[in-house]
Amino acid sequence: LLSLETAQPPELRKELNDFLFDKQTLAKTFNVTGEDNTHLLSLAYPLIAMNRDPSCVFRDWLDLVQEETLTVLELTKRQRKVLKGTTVEGAYAEMVRNRDLI
């Protein structure tokens, strides 16, 4: 499982923990708060960092999922149209903010 706790090398884990939690750089410098945002970034950043390392222990898996998309961060035009006038109409705007945050 690729996560903040399994990211390699240990220096990367420390840097990510400092940024997201210990030094609260995310909140203080970028004014990004909230458990949901922190959780999203604690999953996304290790994935991005480890994908940049050709010798990563997760390389086989990363290569297999390279073309996959996260539907939680995108909707088709048709799906966005269906949301109009509903109580979740703002969901797409939130997805875009989260995607931009990453």
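## Some thoughts on the environment of Phe 21
At step 1: Along the chain, Phe 21 falls in helix H1 (residues 10-22).
At step 2: Along the backbone, Phe 21 and Ser 42 are 21 residues apart, and their C-alpha atoms lie at a distance of 9.5 Å.
At step 3: Not counting the four nearest positions on each side in its chain, Phe 21 is found in contact with Leu 4, Leu 16, Thr 38 and Ser 42.

## Description of the packing of aromatic side chains
At step 1: In total, this model carries 2 aromatic pairs according to the counting rule given.
At step 2: Consider the rings of Phe 19 and Tyr 45, whose centres lie 6.0 Å apart with planes at 45°: the pair is tilted. Of the two residues, Phe 19 is situated in helix H1 and Tyr 45 in helix H3 (residues 35-51); the sequence distance between them amounts to 26 residues.
At step 3: In textbook terms, an aromatic cluster arises when at least three aromatic residues are bridged by ring pairs, as seen for Phe 19, Phe 30 and Tyr 45.
At step 4: The side chain of Arg 80 reaches across the aromatic face of Tyr 92, ending 4.6 Å from its centre.

Basis of the calculations
- Residues numbered from 1 in each chain as written.
- Predicted model: local features only at pLDDT ≥ 70, side-chain atom pairs only at ≥ 80, totals over all residues.
- Heavy atoms only, no water.
- Helix = DSSP H or I, 4+ residues; strand = E, 2+ residues; numbered from the N terminus.
- Contact = heavy atoms within 4.5 Å.
- Phe/Tyr/Trp six-rings, centres within 6.5 Å; stacked < 30°, edge-to-face > 60°.
- Lys NZ or Arg CZ within 6 Å of the ring centre and 35° of its normal.

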